[in-house]
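Take a look at the letters that make up each chain.
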Amino acid sequence: MDNIEEKYFLTRGKALLFLLILLIVFSIFMLINIKGDSNNEKYKAFESELKAAGENYAIINNISIEQGEEYRIGLSKLTEMNLVYNDLKNVCSGYVIMTNEKNIETDEYKIIYRPYIKCSTKYVTSNYSEY
């Protein structure tokens, strides 16, 4: 008498093996995504430090800008003044744009600091420019 399991393509054992492989692949994919997110957090923390360094640089050098103007502060200037401590300062390039923008809700001008970094091909801030 023939074994009935040999007649069917998908047996219970094959289904369990398939589900196990699928679960392992899904777990690996999730681990890769979590690691990628932690790398992005590292770059986001560097952007925050760069923003604070730009604010401190403007205070130390008594920089004031008129309404609607912008001022660019390079990472090299911030590093020279020891305002940036993150290890990424040696790997990445970047700058902080200091602008005096009008808030349309309050009709008042306020100074805004926006950090931009580029770390080879690993991370680039949106709207980063090489100029």
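Residues numbered from 1 in each chain as written. Predicted model: local features only at pLDDT ≥ 70, side-chain atom pairs only at ≥ 80, totals over all residues. Heavy atoms only, no water.

Caption draft 1: Representation of the overall build of the chain in the model. Along the backbone of the chain there are two helices and four strands. Counting helices and strands in the order they occur from the N terminus, the chain gives α-β-α-β-β-β. Evaluated residue by residue, the chain yields a buried proportion of 27% over its 131 residues. If you take every contact in the chain between residues at least 6 apart in sequence, the share linking residues at least 24 apart comes to 53%. Element-wise, carbon and sulfur atoms account for 55% of the exposed surface of the chain, whose accessible area totals about 10,000 Å². (Helix = DSSP H or I, 4+ residues; strand = E, 2+ residues; numbered from the N terminus. Buried < 20%, exposed > 50% of the residue type's maximum accessible area, 1.4 Å probe, protein only. Contact = heavy atoms within 4.5 Å. Areas by Shrake-Rupley, 256 points an atom, 1.4 Å probe, with all protein chains shown as cover.)

Caption draft 2: Up close: the packing of aromatic side chains. In total, this model carries three aromatic pairs according to the counting rule given. Plain terms: the ring middles of Tyr43 and Tyr123 are 4.9 Å apart, the flat faces sit at 10° to each other, and that makes the pair stacked. Linking Tyr43 in helix H1 (residues 12-60) with Tyr123 in strand S4 (residues 123-124), this pair joins segments that are 80 residues apart in sequence. Residue classification places Tyr43 among the buried positions, given a relative accessible area of 6%. (Phe/Tyr/Trp six-rings, centres within 6.5 Å; stacked < 30°, edge-to-face > 60°.)

Caption draft 3: Highlighting the side chain of Asn86. Note that Asn86 resides in the loop between helix H2 (75-80) and strand S2 (93-103). Taking the relative accessible area as the measure of exposure, Asn86 reaches 18% and is therefore buried. Every residue in contact with Asn86, bar those within four places of it in the chain, is listed here: Phe46 and Glu49.

Caption draft 4: Highlighting the sheet that holds strand S3 (residues 108-119). Strand order in the open sheet formed by four strands is S1-S2-S3-S4, and the pairing between neighbours is antiparallel. The open sheet terminates on both sides in strands that have one partner only, identified here as strand S1 (70-74) and S4. (Pairing = 2+ DSSP bridges.)

Caption draft 5: Region of interest: the pairing of S3. The pairing of S2 with S3 spans 11 bridges and is classified as antiparallel. In the sheet register, Tyr95 faces S3, and the bridge partner there is Tyr116. Hairpin geometry of S2 and S3 is characterised by an intervening segment of four residues between the two adjacent antiparallel strands and by a positive phi of about 60° at Asp107. The sheet contact formed by S3 and S4 spans two bridges and is antiparallel. Opposite Cys119, over in S4, you have Tyr123 as the bridge partner. In this antiparallel pair of consecutive strands, S3 and S4, the connection spans three residues, and Ser120 shows a positive phi of 45°.

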